[in-house]
Amino acid sequence: MVDSGVLFTGGVGAAVWVAAGWQAARQWQATTGRRATGLVSRVKVAPRGGTSSTVRFMDESGVPHQLESAFRGSVGQEVQVGYPAGKPQRARMIGGFSPWGFPITATVVGGAFLAVAAALLTGR
């Protein structure tokens, strides 16, 4: 019989890996689709220290759009955004560490949970 602690730890690790894969897939779609240059129009700092930036850009048809991104930009800064063809509402920041930060971190954290679960299961 498998201990409930092993199941819980392994389940958390697997769930974190699924979330990392989902975010990585969305980021990959953004980097392989359409690209546009965006302009940071607003930076918002939360009371607890988090930062988000509003980025305005135009799609391939010249229609304006905006996105919120959890990166620390400065008003007037040009950034690159990407989105799947015909779906500018799914735009994401591309380039740098920030867009890939969650998938990379979640992969490491999920791997740690799975390693603990494997160690508990094998008794090592």
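Residues numbered from 1 in each chain as written. Predicted model: local features only at pLDDT ≥ 70, side-chain atom pairs only at ≥ 80, totals over all residues. Heavy atoms only, no water.

A. Examining the overall build of the protein more closely. Each helix and strand counted, the protein has two helices and five strands in total. Along the protein, from the amino end to the carboxyl end, the secondary structure elements read α-β-β-β-β-β-α. Across its three principal directions, the C-alpha atoms of the protein cover 60 × 35 × 20 Å. By residue count, 31% of the 124 residues in the protein fall in the buried class. Long-range contacts, defined as pairs at least 24 residues apart, comprise 55% of the intrachain contacts of the protein with a sequence gap of at least 6. Surface summary for the protein: the accessible area is close to 7800 Å², and the carbon and sulfur share equals 62%. Charge-centre separation for the protein: the mean point of 12 positive side chains lies 4 Å from the mean point of 5 negative side chains. (Helix = DSSP H or I, 4+ residues; strand = E, 2+ residues; numbered from the N terminus. Buried < 20%, exposed > 50% of the residue type's maximum accessible area, 1.4 Å probe, protein only. Contact = heavy atoms within 4.5 Å. Areas by Shrake-Rupley, 256 points an atom, 1.4 Å probe, with all protein chains shown as cover. Lys, Arg positive; Asp, Glu negative; His and termini not counted. Charge placed at Lys NZ, Arg CZ, Asp CG, Glu CD.)

B. Layout of the pattern of salt bridges. For the coordinates displayed, the defined rule picks out two salt bridges. In this structure, the salt-bridge partner of Arg34 is Glu60, at a minimum N-O distance of 3.9 Å. Here Arg34, found in strand S1 (residues 34-45), pairs with Glu60, found in the loop between strand S2 (51-58) and strand S3 (64-69); they are 26 residues apart in sequence, far enough to count as distant. Ionic pairing is found between Arg42 and Glu68, a salt bridge with its closest N-O pair at 3.5 Å. A residue pair is termed long-range when its members are at least 10 positions apart, and Arg42 in strand S1 and Glu68 in strand S3 qualify at 26 residues. Take Arg42: its relative accessible area is 42%, and that puts it in the partly exposed class. (Salt bridge = Lys/Arg side-chain N within 4 Å of Asp/Glu carboxyl O.)

C. Summary view of the sheet that holds strand S4 (residues 78-83). Across the sheet, five strands lie side by side as S3-S2-S1-S4-S5; this open sheet has antiparallel pairing. The outermost strands of the open sheet, each flanked by one partner alone, are S3 and strand S5 (92-93). Sheet topology places S4 next to S5; two bridges connect them, and they run antiparallel. If you follow Gly82 over to S5, its bridge partner there is Arg92. (Pairing = 2+ DSSP bridges.)

D. Structural detail: the packing of aromatic side chains. For the structure on display, the rule yields one aromatic pair. Taking 5.9 Å as the distance between ring centres and 35° as the angle between the ring planes, the aromatic pair formed by Phe57 and Tyr83 counts as tilted. Taken as a pair, Phe57 in strand S2 and Tyr83 in strand S4 lie far apart in primary sequence, 26 residues in all. There is no split in this pair, since Phe57 and Tyr83 are both buried. (Phe/Tyr/Trp six-rings, centres within 6.5 Å; stacked < 30°, edge-to-face > 60°.)

E. Broad picture of the nonpolar core. Ranked by size, the top nonpolar core spans 11 residues in total: Ala36, Val40, Val55, Phe57, Leu67, Phe71, Val79, Val81, Tyr83, Ala91 and Met93. Broken down by element, the residue count for this core peaks at three residues, all from S4. (Core = buried A, V, L, I, M, F, W, Y, C linked by side-chain atoms within 4.5 Å.)

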